[in-house]
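Listed here are the chains, written in short residue letters.
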Amino acid sequence: MDIMKQFSLEGKVALVTGAAYGIGFAIAEAYAAAGAKIAFNCRGEHHMEAAMAAYHEKGIDAHGYYADVTNEEDVIKLVADIERDLGTIDILVNNAGIIKRIPMLEMEAKDFRQVIDIDLVAPYIVAKHVIPGMIKKGHGKIINICSMMSELGRETVSAYAAAKGGLKMLTRNICSEYGEYNIQCNGIGPGYIATPQTAPLREIQPDGSRHPFDQFIISKTPAARWGEAEDLMGPAVFLASDASNFVNGHVLYVDGGILAYIGKQP
Ligand code: NAP
Ligand code: GCO
């Protein structure tokens with residue numbers, strides 16, 4: 001038996017949402033290395049150009065599409081275009097997401113709703129339009145990018161925590177509802193990963209010292225470092241491959257041990 005074959009994504013069609021850069025780009029890169037055909041979407045023209053150049057630089061023939069994942073018409077067109085260009089989607093990664101760091105009492109309901117719309121409603125919309133093709137094909141893998149905030153709260157991220165907690169439960173529900181069609185829906189819960197989303201938390205201070213949040217995260221992480229987007233590559237391939245065919249409704253936390261640790265005693 002060749003166990004490595006179970007991890008191959010040869011010939012599979014993968015859609016990674018919001019994969020122009022950041023975590024989504026790294027996951028798409030890993031899928032391409034494992035043999036998958038890559039489709040991704042983004043919203044802005046400037047992102048598309050830079051993203052296509054970045055994929056080409058890595059030798060990846062990625063197919064990029066414009067689509068806002070909160071817009072159901074865009075998503076319907078996105079799924080149809082991918083089916084026309086590459087075939088039925090085998091692997092969906094709901095990666096696109098935003099955060100707004102605002103204390104709850106200062107936050108406006110429209111901002112709270114926007115975070116819920118992108119981080120929770122959009123994964124539902126994309127999955128809704130991808131699952132029928134997976135049912136017809138007889139298999140499918142859905143990976144929802146969750147968060148530490150699927151389990152933990154902290155000041156200023158009420159909307160994000162509500163959305164990512166909800167996404168964990170959407171993951172379990174997709175598993176419950178479509179597991180019988182040989183669809184596995186799992187989550188990845190990244191720890192604190194150095195990407196544009198977390199750049200404000202790592203800014204060097206005017207006196208040259210590290211941002212207090214940066215120091216806090218390192219002290220809270222047994223691995224004593226921020227994660228890199230590359231740390232998510234192996235787990236994402238595992239959850240997209242046949243190696244995880246009996247893993248369903250699970251959230252795999254890739255966090256350098258944060259969730260296991262009570263923190264340093266003062
Ligand atoms: P990022 O660098 O900010 O990238 C997010 C991507 O999502 C961007 O390409 C963005 O494109 C896209 N996006 C946002 N809203 C969209 C929409 N409505 N339609 C289409 N694309 C949209 O973030 P990241 O750090 O790579 O995070 C990726 C995912 O991992 C997110 O779901 C995030 O919440 C989650 N996550 C991140 C961390 C971390 O520490 N970085 C930890 C846990 C979970 P635009 O530029 O066009 O907005
Ligand atoms: C924050 C962070 C996050 C992380 C991530 C943790 O402000 O606390 O941005 O919430 O990006 O989702 O897993």
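Up top you'll find the structure we're talking about.
Presented here is a report on the structure given in the accompanying data block. (Residues numbered from 1 in each chain as written. Chains lettered and ligands numbered in written order. Predicted model: local features only at pLDDT ≥ 70, side-chain atom pairs only at ≥ 80, totals over all residues. Heavy atoms only, no water.)

A look at the site of ligand 1
The line we're drawing: For this purpose, a residue is taken to be near a molecule or strand whenever a single non-hydrogen atom of the residue falls within 4 Å of it. Pairs of N or O atoms are called polar contacts if they sit within 3.5 Å, as long as, within protein, a hydrogen donor faces a hydrogen acceptor (for residues adjacent in sequence, only side-chain-to-side-chain pairs). In this description a helix means any DSSP run of H or I spanning at least four residues, a strand means any run of E spanning at least two, and both kinds are numbered starting from the N terminus. Three classes are used: nonpolar for Ala, Val, Leu, Ile, Met, Phe, Trp, Tyr, Cys and Pro, charged for Asp, Glu, Lys and Arg, and polar for all others, with Gly counted as polar.
Taken together, 27 residues surround ligand 1, and among them Tyr21, Arg43, His47, Tyr160 and Thr195 come closest. Contact distances for ligand 1 include 3.1 Å between an oxygen atom and a side-chain N or O atom of His47. Between ligand 1 and Ile193, the relevant distance is 2.8 Å, taken from an oxygen atom to a main-chain nitrogen or oxygen of the residue. Among the elements of the structure, helix 1 (22-33) and helix 5 (158-178) are those that each provide at least two residues to the shell around ligand 1. Of the residues that constitute the shell around ligand 1, the class distribution is 14 nonpolar, ten polar and three charged.

Observations regarding the site of ligand 2
Convention followed: Note that accessible areas follow from Shrake-Rupley with a 1.4 Å probe, and for residues the cover is restricted to the protein chains shown.
Contacts to ligand 2 come from 14 residues, most closely from Arg101, Ser147, Arg154, Tyr160 and Tyr192. Within the side chain of Arg154, a nitrogen or oxygen atom sits 2.7 Å from an oxygen atom of ligand 2. The contact in question runs from an oxygen atom of ligand 2 to an N or O atom on the side chain of Tyr192, over 2.6 Å. Contact with the protein chains covers 97% of the free accessible surface of ligand 2, which is 340 Å². Taken together, the residues that form the shell around ligand 2 break down as eight nonpolar, four polar and two charged.

Topic: the sheet that holds strand 5 (residues 140-145)
Spelled out, the test is: A pair of strands is considered paired only if DSSP assigns at least 2 bridges between the two. Axis lines are fitted through C-alpha atoms, for helices just across the contact stretch, and the angle between N-to-C directions can take any value from 0 to 180 degrees. A contact between two residues is defined here by any heavy atoms of the two lying within 4.5 Å.
With parallel pairing, seven strands are arranged side by side in an open sheet as 3-2-1-4-5-6-7. If you trace the sheet from one side to the other, it starts and ends with strand 3 (63-66) and strand 7 (251-254), each paired once. The average undirected angle you get between the axes of adjacent strands in this sheet is 20°. As defined by bridge partners, strand 6 (residues 183-190) adjoins strand 7 across four bridges and the pair is classed as parallel. Across the sheet, residue Gly187 finds its bridge partner in strand 7, namely Val251. The sheet strands contacting helix 3 (residues 72-85) are strand 1 (13-17), strand 2 (37-42) and strand 3, and the helix crosses strand 3 at an angle near 155°. The strands touched by helix 4 (residues 109-137) within the sheet are strand 1, strand 4 (91-94), strand 5 and strand 6, with strand 4 carrying the most contacts at an inclination of about 175°.

A word on the nonpolar core
Cut-off, in case you're wondering: We call a set of buried residues a nonpolar core when its members are Ala, Val, Leu, Ile, Met, Phe, Trp, Tyr or Cys and they connect through side-chain atoms within 4.5 Å of each other. Under the scheme applied here, a residue whose accessible area is under 20% of the maximum for its type counts as buried, over 50% as exposed, and between as partly exposed, the area being computed with a 1.4 Å probe on protein chains only.
With 36 residues, the main nonpolar core has Tyr31, Tyr55 and Ile143 as its most contacted residues. Among the elements of the structure, strand 1, helix 1, strand 2, helix 2 (45-57), strand 4, strand 5 and helix 7 (233-240) are those that each provide at least two residues to this core. Those residues within four positions of Ile143 in sequence are excluded, and the remaining contacts are Tyr31, Ile91, Leu92, Val93, Asn94, Asn186, Ile188, Ala236, Leu239 and Ala240. Core analysis: the next-biggest nonpolar cluster, separate from the first, contains 29 residues, Ala67, Val75, Leu78 and Ile142 among them.

Some words on the pattern of salt bridges
Put simply, the rule reads: Throughout this description, the term salt bridge denotes a Lys or Arg side-chain nitrogen within 4 Å of a carboxyl oxygen of Asp or Glu.
For the structure on display, the rule yields twelve salt bridges. In this structure, Lys110 engages Glu108 in a salt bridge whose closest nitrogen and oxygen atoms are separated by 3.9 Å. We classify Lys110 as exposed; its relative accessible area is 55%. Because the salt bridges share partners, they merge into one network encompassing Lys77, Asp81, Arg84 and Asp85.

Some points on unusual backbone geometry
Located in the positive-phi region is Thr156, a residue other than glycine, with phi close to 80°. Note that Thr156 resides in the loop between strand 5 and helix 5. Overall, the relative accessible area of 24% leaves Thr156 in the partly exposed class. In this structure, Asn182 is a non-glycine residue whose phi angle is positive, near 65°. Along the polypeptide, Asn182 turns up in the loop between helix 5 and strand 6. For Asn182, a relative accessible area of 35% corresponds to the partly exposed category.

Describing the side chain of Asn186
Relative to the helices and strands, Asn186 resides in strand 6. Given a relative accessible area of 1%, Asn186 falls into the buried group. Within the structure, the side chain of Asn186 is placed 2.9 Å from the backbone nitrogen of His250, a separation counted as a polar contact. Contact partners of Asn186, with chain neighbours within four places excluded, come to Ile142, Ile143, Asn144, Thr171, Leu239, Val247, Asn248, Gly249 and His250.

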